[in-house]
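# A structural walkthrough
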Amino acid sequence: MEKKKTAKNEKVKQEANEEVKEEIREETSEAEEPKKTKETDSSEETAENLEAKVADEVAEFKDKLLRTMAEFDNYKRRTAKEKDSMYDYAVCDTVNKLLPVLDTLKLSLQHEKEDTPFKQGVEMVVKQFIDTLDKMDVKEIKAVGEPFDPNFHNAVMHIEDEQYGEKEIVEEFQTGFIRKDKVIRFSMVKVAN
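Sequence order sets the numbering: in each chain, residues are counted from 1 along the sequence as written. Totals for whole chains, interfaces and linings use all residues, but because this is a predicted model, local features are given only for residues with pLDDT of at least 70 and pairs of side-chain atoms are given and counted only at 80 or more. Hydrogens and waters are ignored; side-chain quantities use all the structure's heavy atoms.

### Some points on the overall build of the protein chain
Scanning the protein chain for helices and strands turns up 3 helices and 6 strands. Element order for the protein chain, N to C, with α for helix and β for strand: α-α-α-β-β-β-β-β-β. A simple rule labels every residue: compare its accessible area, found with a 1.4 Å probe on the protein chains alone, to the largest value its type can have, and call it buried under 20%, exposed over 50%, or partly exposed in between. Out of the 193 residues belonging to the protein chain, those deemed buried represent 22%. In the protein chain, once contacts between residues fewer than 6 apart in sequence are set aside, the share between residues at least 24 apart is 65%. The numbering of helices and of strands both runs from the N terminus, where a helix is a DSSP run of H or I of at least 4 residues and a strand a run of E of at least 2. Contacts between residues were defined by any pair of non-hydrogen atoms, one from each residue, lying within 4.5 Å.

Encoded structure:
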(Lines give C-alpha, C1' and ligand atoms only; values in the text may rest on other atoms or scores of the structure.)
Protein backbone atom coordinates (compact mmCIF):
# COMPACT_ATOMS: atom_id res chain seq x y z
CA MET A 1 0.00 0.00 0.00
CA GLU A 2 2.93 2.29 0.78
CA LYS A 3 4.31 1.66 -2.72
CA LYS A 4 0.98 2.64 -4.27
CA LYS A 5 0.88 5.79 -2.16
CA THR A 6 4.46 6.71 -3.11
CA ALA A 7 3.82 5.99 -6.78
CA LYS A 8 0.66 8.07 -6.66
CA ASN A 9 2.52 10.95 -4.98
CA GLU A 10 5.27 10.78 -7.61
CA LYS A 11 2.69 10.82 -10.39
CA VAL A 12 0.98 13.89 -8.90
CA LYS A 13 4.35 15.63 -8.53
CA GLN A 14 5.26 14.86 -12.15
CA GLU A 15 1.92 16.21 -13.36
CA ALA A 16 2.43 19.37 -11.30
CA ASN A 17 5.95 19.80 -12.71
CA GLU A 18 4.65 19.33 -16.28
CA GLU A 19 2.00 22.00 -15.70
CA VAL A 20 4.61 24.41 -14.33
CA LYS A 21 6.97 23.71 -17.27
CA GLU A 22 4.13 24.34 -19.74
CA GLU A 23 3.31 27.66 -18.07
CA ILE A 24 7.00 28.61 -18.16
CA ARG A 25 7.15 27.84 -21.88
CA GLU A 26 4.08 29.98 -22.51
CA GLU A 27 5.37 32.85 -20.41
CA THR A 28 8.82 32.55 -21.97
CA SER A 29 7.39 32.77 -25.47
CA GLU A 30 5.36 35.84 -24.43
CA ALA A 31 8.37 37.33 -22.70
CA GLU A 32 10.65 36.87 -25.72
CA GLU A 33 8.70 39.35 -27.86
CA PRO A 34 9.25 42.35 -25.59
CA LYS A 35 12.77 41.14 -24.97
CA LYS A 36 13.79 41.97 -28.52
CA THR A 37 12.66 45.55 -28.21
CA LYS A 38 13.99 46.32 -24.72
CA GLU A 39 17.49 46.72 -23.47
CA THR A 40 19.55 43.95 -21.90
CA ASP A 41 18.94 45.19 -18.33
CA SER A 42 15.18 45.04 -18.72
CA SER A 43 15.41 41.52 -20.19
CA GLU A 44 17.40 40.39 -17.14
CA GLU A 45 14.70 41.91 -14.87
CA THR A 46 12.02 40.10 -16.87
CA ALA A 47 13.90 36.81 -16.54
CA GLU A 48 14.34 37.38 -12.79
CA ASN A 49 10.64 38.26 -12.43
CA LEU A 50 9.74 35.19 -14.43
CA GLU A 51 11.95 32.97 -12.24
CA ALA A 52 10.41 34.44 -9.08
CA LYS A 53 6.93 33.97 -10.47
CA VAL A 54 7.69 30.36 -11.41
CA ALA A 55 9.15 29.71 -7.96
CA ASP A 56 6.00 31.15 -6.37
CA GLU A 57 3.79 28.97 -8.57
CA VAL A 58 5.87 25.88 -7.77
CA ALA A 59 5.52 26.66 -4.06
CA GLU A 60 1.77 27.18 -4.52
CA PHE A 61 1.37 23.86 -6.37
CA LYS A 62 3.47 22.10 -3.74
CA ASP A 63 1.29 23.57 -0.99
CA LYS A 64 -1.88 22.49 -2.82
CA LEU A 65 -0.44 19.01 -3.29
CA LEU A 66 0.43 18.68 0.41
CA ARG A 67 -3.02 19.91 1.43
CA THR A 68 -4.70 17.48 -0.96
CA MET A 69 -2.63 14.61 0.38
CA ALA A 70 -3.53 15.57 3.97
CA GLU A 71 -7.23 15.79 3.08
CA PHE A 72 -7.06 12.37 1.46
CA ASP A 73 -5.41 10.86 4.56
CA ASN A 74 -8.12 12.42 6.74
CA TYR A 75 -10.78 11.01 4.41
CA LYS A 76 -9.28 7.51 4.65
CA ARG A 77 -9.19 7.67 8.45
CA ARG A 78 -12.74 8.99 8.65
CA THR A 79 -14.15 6.32 6.32
CA ALA A 80 -12.32 3.55 8.22
CA LYS A 81 -13.80 4.84 11.48
CA GLU A 82 -17.29 5.02 9.94
CA LYS A 83 -16.91 1.49 8.62
CA ASP A 84 -15.99 0.21 12.08
CA SER A 85 -18.88 2.03 13.73
CA MET A 86 -21.34 0.66 11.14
CA TYR A 87 -20.11 -2.87 11.88
CA ASP A 88 -20.49 -2.32 15.64
CA TYR A 89 -23.98 -0.92 15.15
CA ALA A 90 -24.99 -3.89 12.97
CA VAL A 91 -23.68 -6.41 15.52
CA CYS A 92 -25.49 -4.67 18.39
CA ASP A 93 -28.73 -4.45 16.42
CA THR A 94 -28.60 -8.13 15.43
CA VAL A 95 -27.78 -9.30 18.95
CA ASN A 96 -30.60 -7.17 20.35
CA LYS A 97 -33.05 -8.95 18.03
CA LEU A 98 -31.74 -12.39 19.09
CA LEU A 99 -31.82 -11.80 22.86
CA PRO A 100 -35.54 -12.66 23.24
CA VAL A 101 -34.71 -16.16 21.94
CA LEU A 102 -32.09 -16.55 24.68
CA ASP A 103 -34.56 -15.24 27.27
CA THR A 104 -37.14 -17.82 26.19
CA LEU A 105 -34.62 -20.66 26.38
CA LYS A 106 -33.54 -19.61 29.89
CA LEU A 107 -37.17 -19.32 30.95
CA SER A 108 -37.86 -22.86 29.74
CA LEU A 109 -34.95 -24.08 31.91
CA GLN A 110 -36.45 -22.42 34.99
CA HIS A 111 -39.77 -24.24 34.55
CA GLU A 112 -38.30 -27.66 33.80
CA LYS A 113 -37.88 -29.38 37.20
CA GLU A 114 -36.54 -32.80 36.23
CA ASP A 115 -33.11 -33.44 34.77
CA THR A 116 -34.24 -34.87 31.43
CA PRO A 117 -32.40 -35.17 28.12
CA PHE A 118 -34.63 -32.35 26.86
CA LYS A 119 -33.45 -30.04 29.68
CA GLN A 120 -29.83 -31.02 29.04
CA GLY A 121 -30.27 -30.23 25.34
CA VAL A 122 -31.72 -26.79 26.10
CA GLU A 123 -28.85 -26.12 28.55
CA MET A 124 -26.38 -26.98 25.79
CA VAL A 125 -28.13 -24.61 23.37
CA VAL A 126 -28.08 -21.80 25.97
CA LYS A 127 -24.37 -22.43 26.63
CA GLN A 128 -23.61 -22.37 22.90
CA PHE A 129 -25.65 -19.17 22.49
CA ILE A 130 -23.72 -17.45 25.31
CA ASP A 131 -20.37 -18.71 23.94
CA THR A 132 -21.25 -17.27 20.52
CA LEU A 133 -22.13 -13.92 22.10
CA ASP A 134 -18.82 -14.03 23.98
CA LYS A 135 -16.93 -14.52 20.70
CA MET A 136 -18.64 -11.37 19.41
CA ASP A 137 -17.44 -9.43 22.52
CA VAL A 138 -20.97 -9.34 23.91
CA LYS A 139 -20.94 -9.73 27.70
CA GLU A 140 -23.67 -10.05 30.30
CA ILE A 141 -24.02 -7.08 32.64
CA LYS A 142 -23.50 -8.15 36.26
CA ALA A 143 -26.43 -7.15 38.40
CA VAL A 144 -27.33 -9.09 41.58
CA GLY A 145 -25.21 -7.92 44.52
CA GLU A 146 -23.77 -4.99 42.55
CA PRO A 147 -24.53 -1.32 43.28
CA PHE A 148 -27.21 0.18 41.03
CA ASP A 149 -25.76 2.05 38.03
CA PRO A 150 -28.26 3.80 35.73
CA ASN A 151 -25.76 3.47 32.86
CA PHE A 152 -26.24 -0.32 32.88
CA HIS A 153 -29.35 -1.07 34.95
CA ASN A 154 -33.04 -0.22 34.66
CA ALA A 155 -34.72 -0.24 38.09
CA VAL A 156 -38.31 -1.46 37.80
CA MET A 157 -38.88 -2.19 41.52
CA HIS A 158 -37.68 -0.74 44.79
CA ILE A 159 -37.80 -2.38 48.23
CA GLU A 160 -36.85 -1.33 51.77
CA ASP A 161 -34.79 -4.04 53.45
CA GLU A 162 -32.12 -3.47 56.09
CA GLN A 163 -30.16 -6.63 55.25
CA TYR A 164 -29.06 -5.10 51.91
CA GLY A 165 -26.79 -2.13 51.36
CA GLU A 166 -27.61 1.27 49.88
CA LYS A 167 -28.85 0.99 46.26
CA GLU A 168 -27.87 -2.67 46.07
CA ILE A 169 -29.45 -4.82 43.36
CA VAL A 170 -31.30 -7.73 44.96
CA GLU A 171 -32.99 -9.36 41.96
CA GLU A 172 -32.60 -9.37 38.18
CA PHE A 173 -35.69 -9.78 36.01
CA GLN A 174 -33.99 -9.52 32.63
CA THR A 175 -30.28 -9.89 31.88
CA GLY A 176 -28.56 -6.94 30.26
CA PHE A 177 -25.82 -7.15 27.65
CA ILE A 178 -22.98 -4.86 26.63
CA ARG A 179 -20.54 -4.82 23.70
CA LYS A 180 -17.38 -2.79 24.17
CA ASP A 181 -18.73 0.53 25.51
CA LYS A 182 -22.24 0.23 24.08
CA VAL A 183 -25.13 -1.13 26.11
CA ILE A 184 -27.21 -3.41 23.91
CA ARG A 185 -29.89 -4.00 26.52
CA PHE A 186 -30.16 -2.67 30.07
CA SER A 187 -30.64 -5.10 32.98
CA MET A 188 -34.12 -4.89 34.53
CA VAL A 189 -33.58 -5.09 38.28
CA LYS A 190 -35.06 -4.71 41.77
CA VAL A 191 -33.13 -2.28 43.98
CA ALA A 192 -33.01 -2.22 47.77
CA ASN A 193 -33.16 0.86 50.04
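### A closer look at the sheet that holds strand 5 (residues 182-185)
Pairs of strands are assigned from DSSP output, requiring at least two bridges between the strands. Read across the open sheet, the 3 strands follow the order 1-4-5; overall the sheet is antiparallel. With partners counted over all chains shown, the strands left at the sheet margins are strand 1 (138-140) and strand 5, one partner each. Along the sheet, successive strands turn relative to each other by an average axial angle of 35 degrees, direction set aside. Note on geometry: axes are C-alpha line fits, over the in-contact stretch for helices, and angles between N-to-C directions span 0 to 180 degrees.

### A few points about unusual backbone geometry
Backbone geometry places Lys167, a non-glycine residue, at a positive phi of 55 degrees. Accessibility expressed as a relative area gives 47% for Lys167, which makes it partly exposed. Of note in the backbone geometry, Lys180 takes a positive phi value of approximately 55 degrees without being a glycine. Here Lys180 lies in the loop between strand 4 (177-179) and strand 5.

### Quick word on the nonpolar core
A general tendency of soluble globular proteins is for nonpolar side chains to be buried together. Of all hydrophobic cores here, the largest spans 13 residues; its most connected members are Val95, Leu99, Leu102, Leu133, Val138, Phe177 and Ile184. Elements that contribute at least two residues to this core include exactly helix 2 (40-111) and helix 3 (117-135). Among the elements that make up this core, the one with the highest residue count is helix 2 (6 residues). Setting aside anything within four residues of it in sequence, one finds Leu133 in contact with Val95, Leu99, Leu102, Val138 and Phe177. We define a nonpolar core as any set of buried Ala, Val, Leu, Ile, Met, Phe, Trp, Tyr and Cys residues linked to one another through side-chain atoms lying within 4.5 Å.

### Things to note about a negative patch on the surface
A contiguous patch of negative charge, built from Glu44, Glu45, Glu48 and Glu51, is present on the exposed surface. Turning to its location among the elements, Glu51 is positioned in helix 2. Candidate patch residues must exceed 30% relative accessible area and have no salt bridge, after which like charges are joined if within 9 Å and Val, Leu, Ile, Met, Phe, Trp or Tyr side chains if within 5 Å. What sets the accessible areas is the Shrake-Rupley method with a 1.4 Å probe; for residues, cover comes only from the shown protein chains. Think of a salt bridge as a Lys or Arg side-chain nitrogen and an Asp or Glu carboxyl oxygen that are within 4 Å of each other. Counting rule applied: Lys, Arg positive; Asp, Glu negative; His and chain ends not counted. Taken as the charge centre is NZ of Lys, CZ of Arg, CG of Asp or CD of Glu, depending on the residue.

### Looking at the confidence of the model for the protein chain
Looking at the protein chain, the pLDDT average stands at 85 and 81% of residues meet or exceed 70. pLDDT expresses how confident the predictor is about each individual residue, on a scale running from 0 to 100. When mean pLDDT is compared element by element in the protein chain, strand 4 scores highest at 94, while helix 1 (residues 2-37) scores lowest at 63.

### Some thoughts on the sheet that holds strand 6 (residues 187-192)
Think of a sheet as strands paired side by side through backbone hydrogen bonds, with each pair either parallel or antiparallel. Within the open sheet, the 3 strands sit side by side as 2-6-3. Their pairing is mixed. The open sheet terminates on both sides in strands that have one partner only, identified here as strand 2 (153-159) and strand 3 (168-174). Taken pair by pair, the neighbouring strands of this sheet meet at an average axis angle of 35 degrees, ignoring direction.

### Focus on the pairing of strand 6
Regular strands place side chains that alternate from one sheet face to the opposite one. When you tally the buried positions in strand 6, you get 5 out of 6 residues, the bulk of the element. Pairing geometry for strand 2 and strand 6, over 6 bridges, is parallel. Paired with His153 across the strands is Ser187, a residue of strand 6. Here 5 bridges tie strand 3 to strand 6, and the two strands are oriented antiparallel to one another. Bridge assignment links Gln174 to a residue of strand 6, and that residue is Met188.

### Remarks on a nonpolar patch on the surface
Side chains of Val156, Met157 and Phe173 sit close together on the surface and give an oily, nonpolar patch of about 250 Å² of accessible area. Tracing the backbone shows Met157 in strand 2. Taking the relative accessible area as the measure of exposure, Met157 reaches 38% and is therefore partly exposed.

### Here's the deal with the environment of Leu98
By the element assignment, Leu98 lies in helix 2. Under the relative-accessibility criterion, Leu98 is labelled partly exposed at 40%. For the pair Leu98 and Phe129, spaced 31 residues apart in sequence, the C-alpha separation works out to 9.7 Å.

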